[in-house]
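For reference, the chains in residue letters:
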Number of protein chains: 4
Amino acid sequence: MTHVAIVYHSGYGHTKALAEQVANGAAEVSGVTSQLIPVADVDSHWDDLDKADGIIFGAPTYMGAASAAFRTFAEASSKRWFTLAWKNKVAGGFTNSGSQNGDKGNTMMELVTLAAQHGMIWVSLGLPPGNNSSKGSLADLNRLGGSLGALAQSNVDQGGEDAPIASDRATALAYGRRVAEIADALKRAQL
Amino acid sequence: MTHVAIVYHSGYGHTKALAEQVANGAAEVSGVTSQLIPVADVDSHWDDLDKADGIIFGAPTYMGAASAAFRTFAEASSKRWFTLAWKNKVAGGFTNSGSQNGDKGNTMMELVTLAAQHGMIWVSLGLPPGNNSSKGSLADLNRLGGSLGALAQSNVDQGGEDAPIASDRATALAYGRRVAEIADALKRAQL
Amino acid sequence: MTHVAIVYHSGYGHTKALAEQVANGAAEVSGVTSQLIPVADVDSHWDDLDKADGIIFGAPTYMGAASAAFRTFAEASSKRWFTLAWKNKVAGGFTNSGSQNGDKGNTMMELVTLAAQHGMIWVSLGLPPGNNSSKGSLADLNRLGGSLGALAQSNVDQGGEDAPIASDRATALAYGRRVAEIADALKRAQL
Amino acid sequence: MTHVAIVYHSGYGHTKALAEQVANGAAEVSGVTSQLIPVADVDSHWDDLDKADGIIFGAPTYMGAASAAFRTFAEASSKRWFTLAWKNKVAGGFTNSGSQNGDKGNTMMELVTLAAQHGMIWVSLGLPPGNNSSKGSLADLNRLGGSLGALAQSNVDQGGEDAPIASDRATALAYGRRVAEIADALKRAQL
């Protein structure tokens, strides 16, 4: 079996809602198992990460960057970095913020950079932008027009049950499936 | 008089519409004149840029970065960079793309970096994010939630008369005024 | 008096050594006082930050981004962001990492973005790159060729007494002076 | 056979020297052919790019971003982006500048973003940083400490025969080999 781990931090439930969609999407792929690992629990799960074929990083964007709780995990991963233990694993990432843009691009660059320091292989979103014409709507897949990974926006006065909207969740689901497909292909290729 | 130049490229009129708003906003400030310089005409206007107290850079985001036409100007500015001729001028930037996010953050980072290589002083947008709650709407100022400068989104099937929407234009106007105020203050301070 | 605060995190003493140089540089400017605030002590110093005319952010680059301890401060600053309490303050930033490049640019973008979310005005390094010709050397000012702020590199087997090298410290000193001069000018202009 | 294309711009020969190393490294992999495509010639080679299993982007960093000539190619690639014709191809990137840092990170982010807009899969450098301890030297592989791709620095008073130094060329060679290995694995997996 190909194994994909989603290691994430969520402050108020919005990023957790995304993480669950990403995990569900990955598990839809034949031959793939997925696993959710909140960063608070990561010390019980380093072995799972070491064995995973793909790791997907998720963090809320706070003040224009990944949350401090996520960065605590990123720093702790330096023990793996030291030996390039995660080299050639497949990687991906997702983020949520209250604003439409909200400097989410900066968080995505952080996640891509973290993966690159580990020698990983980054999977882009692979979807065209939605909601970018007069016929578009908020219901479009990839309505925020991201490219590096899955983006979401959650109104600041709504909890994780109500936000982000369904299209952002569907985008996360599709992305989880995509990362899993590529992790599975690379495993079969015995890189 | 304090002088603010807006040097910009526009492929289809959307970024030009923004540039005009930025120039109008700057000209609203008492004691400030503003000037629009399309990058195609820059060779007649290097003196204007050299004399300006503030320079605001504008470029559309194409394939996730500033347009090649804008970069041609940026490269030609290396003659000024070589002597740090623009050091301590005030700087700002704006961009437009078809997607809501569309990797506009990457373009803004390019513009901030260009200004930094010239030793300039960067003015942020200075507005809270709009359209980030259940009570928000597309009509909110800064509806895209940018911070480094003014962001706009234009539907790909609409021309520069119809897109971007009024709130993006108002955001550009407010930003032009803000950059001009700070350029004027620094000029008065005889830094 | 114009007041400049340097709020920083240092894991092993290298970034602290830089912070001290930045503070010394700022204090060299007539009419300017400077103050070092480690992020661990920030809860006793929010008033100092609120009163400061300029705030300079300093963080080590860990796994390609600002340290988690610095991000904890950045997140806590969201209370000021909510009211744009720091709008129009002058800002700057510096970082250190073990590698020459080490994705320090990513950390600098985080710091610029943090300042922009607060509506601040960012001061670039204002120095030409050093050590970029056959006549250059490690002793050159700005030997790493940064532009957004002050960069430093510290060998991973040396402590904060020995690393970073003198040229990086001199670059930090010059940058502290520069940010203070501009903070002082803007204060005099009563923006 | 697996095919890897290197599409690049070089203003003064330094980036061309890197491109040749990348191509040589890719061709070292059994079953892989590599091809150099200068951006000036790209109009004769779109079919080659369409058929390639991997595309590696190379551009000099000018004023803190990829060169305008490279961006002209990037914009022209929007015809492929429109149909996601390059989706799931393997991607990589490299850059050169006169300064040690020189905001090369910004160029790398541009290249990663370009690849992501195309739905490609990005291969990181996969090498630990060199020259980051008291025992390190300029001769170390990855002496600049990059992670996203291959970085090089060329003294501004030296041509492409003499700069960048041998270690940067060796880093580019190793990276070309690595990208080719992963492109070959994914082709075998028939993703």
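Further up the page is the structure itself.
Residues numbered from 1 in each chain as written. Chains lettered and ligands numbered in written order. Predicted model: local features only at pLDDT ≥ 70, side-chain atom pairs only at ≥ 80, totals over all residues.

Trainee: Requested: an account of the overall build of chain A, with residues and values cited.
Mentor: Scanning chain A from N- to C-terminus turns up 6 helices and 7 strands. For the C-alpha atoms alone, the extent of chain A along its principal axes is close to 50 × 35 × 25 Å. Residues classed as buried in chain A amount to 66% of the 191 residues present. Here the analysis covers contacts within chain A between residues at least 6 apart in sequence; of these, 78% occur between residues at least 24 apart. (Helix = DSSP H or I, 4+ residues; strand = E, 2+ residues; numbered from the N terminus. Buried ≥ 20, exposed ≤ 12 C-beta atoms within 10 Å, placed from the backbone. Contact = placed C-beta atoms within 7 Å.)

Trainee: I'd like a description of the interface of chain A and chain B, backed by residues and values.
Mentor: A common way to report how large an interface is uses the accessible area buried once the components associate. Opposite the 25 residues of chain A that make contact, chain B presents 25 residues. Broken down by element, the residue count for the side of chain A that touches chain B peaks at 3 residues, all from helix α5 (residues 104-117) of chain A. In the side of chain A that touches chain B, the residues fall into 4 nonpolar, 17 polar and 4 charged. (Nonpolar A, V, L, I, M, F, W, Y, C, P; charged D, E, K, R; others polar.)

Trainee: Pulling in residues and values, what's your account of the interface of chain C and chain B?
Mentor: Taken residue by residue, the interface counts 25 residues in chain C and 25 residues in chain B. Of all the secondary structure elements, the ones that give two or more residues to the side of chain C that touches chain B are α5 (104-117), β6 (121-123) and α6 (166-188) of chain C. Of all the elements, α5 of chain C adds the most residues to the side of chain C that touches chain B, at 6 residues. Grouping the constituent residues of the side of chain C that touches chain B by class yields 17 nonpolar, 6 polar and 2 charged. Inspection of the sheet shows strand β6 (residues 121-123) of chain B paired to β6 of chain C by 3 bridges, in the antiparallel sense. Across the sheet, residue Ile 121 of chain B finds its bridge partner in β6 of chain C, namely Val 123 of chain C. (Pairing = 2+ DSSP bridges.)

Trainee: Lay out unusual backbone geometry with the relevant residues and their values.
Mentor: Between Ala 163 of chain B and Pro 164 of chain B the backbone carries a cis peptide bond, its omega angle lying at 0 degrees. Looking at the element boundaries, Pro 164 of chain B is found in the loop between β7 (150-153) and α6 (166-188).

Trainee: Tell me about the relation of the copies chain C and chain B, and name the residues and values.
Mentor: When chain C is brought onto chain B, the operation consists of a screw motion whose angular component is 180 degrees and whose axial shift is 0.0 Å, with 0.0 Å RMSD remaining. Accordingly, the operation relating the two chain copies is best matched by a two-fold axis. (Least-squares fit on C-alpha atoms with pLDDT ≥ 70 in both.)

Trainee: How would you sum up the nonpolar core? Please name residues and give values.
Mentor: In terms of nonpolar packing, the biggest core is built from 248 residues, with Val 22 of chain A, Val 22 of chain B, Val 22 of chain C together with Val 22 of chain D touching the most fellow members. Not counting residues within four places of it along the chain, the set of residues in contact with Val 22 of chain C comprises Ile 6, Ile 56, Gly 58, Phe 94, Ala 150, Ala 172, Tyr 175 and Gly 176 of chain C. (Core = buried A, V, L, I, M, F, W, Y, C linked by C-beta atoms within 7 Å.)

Trainee: Run through the relation of the copies chain A and chain B, naming residues and quoting values.
Mentor: Comparison of the two chain copies shows a relationship of rotation about an axis with a shift along it. Superposing chain A onto chain B takes a rotation of 180 degrees plus a shift of 0.0 Å along the axis, which leaves an RMSD of 0.0 Å. A high fraction, 100%, of the interface residues of chain A reappear at the interface in chain B, so the copies pair face to face through one surface.

Trainee: Got a sec to walk through the packing of α5 of chain A against α5 of chain C? Specific residues and values, please.
Mentor: The contact between α5 of chain A and α5 of chain C brings their axes to 11 Å, and the two run at 160 degrees. It follows from the interaxial angle that α5 of chain A and α5 of chain C lie roughly antiparallel. When the axes of α5 of chain A and α5 of chain C are compared, the crossing they make is left-handed. Counting all contacts with α5 of chain A, which are made through Asn 106, Met 109, Glu 110 and Thr 113 of chain A, the residues of α5 of chain C involved are Asn 106, Met 109, Glu 110 and Thr 113 of chain C. Of the residues belonging to the contact of α5 of chain A with α5 of chain C, the class tally is 2 nonpolar, 4 polar and 2 charged. (Axes fitted to C-alpha atoms, helices over the stretch in contact; angles between N-to-C directions. Parallel < 35°, antiparallel > 145°, perpendicular 65-115°, else oblique. Left-handed = near helix turned anticlockwise from the far one by under 90°.)

Trainee: Give a description of the packing of helix α1 (residues 14-27) of chain B against α6 of chain B that names residues and reports values.
Mentor: All names here are of chain B. The interhelical angle for the contact between α1 and α6, taken along N-to-C directions, is 40 degrees, at an axis separation of 6 Å. Comparing the axis directions of α1 and α6 gives the class oblique. With respect to the hand of their crossing, α1 and α6 are arranged in right-handed fashion. For the pair α1 and α6, contact is made by Ala 17, Leu 18, Gln 21, Val 22, Ala 23, Asn 24, Gly 25 and Ala 26 and by Arg 169, Ala 172, Leu 173, Ala 174, Tyr 175, Gly 176, Arg 177, Val 179 and Ala 180, respectively. Class assignment of the residues belonging to the contact of α1 with α6 gives a composition of 11 nonpolar, 4 polar and 2 charged.

Trainee: Describe the pairing of strand β5 (residues 90-97) of chain C, with residues and values.
Mentor: The two faces of a sheet get side chains in turn, since along a regular strand they alternate between them. Residue and element names in this part refer to chain C. With 8 of its 8 residues buried, β5 lies for the most part within the structure. Bridge count between strand β3 (residues 54-62) and β5: 7 bridges; the pairing is parallel. Each bridged residue has a counterpart across the sheet, and for Ala 59 the counterpart in β5 is Thr 95. Both β5 and β6 contribute to a ladder of 2 bridges, which runs parallel. Residue pairing across strands places Ala 91 opposite Trp 122, the latter belonging to β6. In terms of strand pairing, β5 meets strand β7 (residues 150-153) through 4 bridges, oriented parallel.

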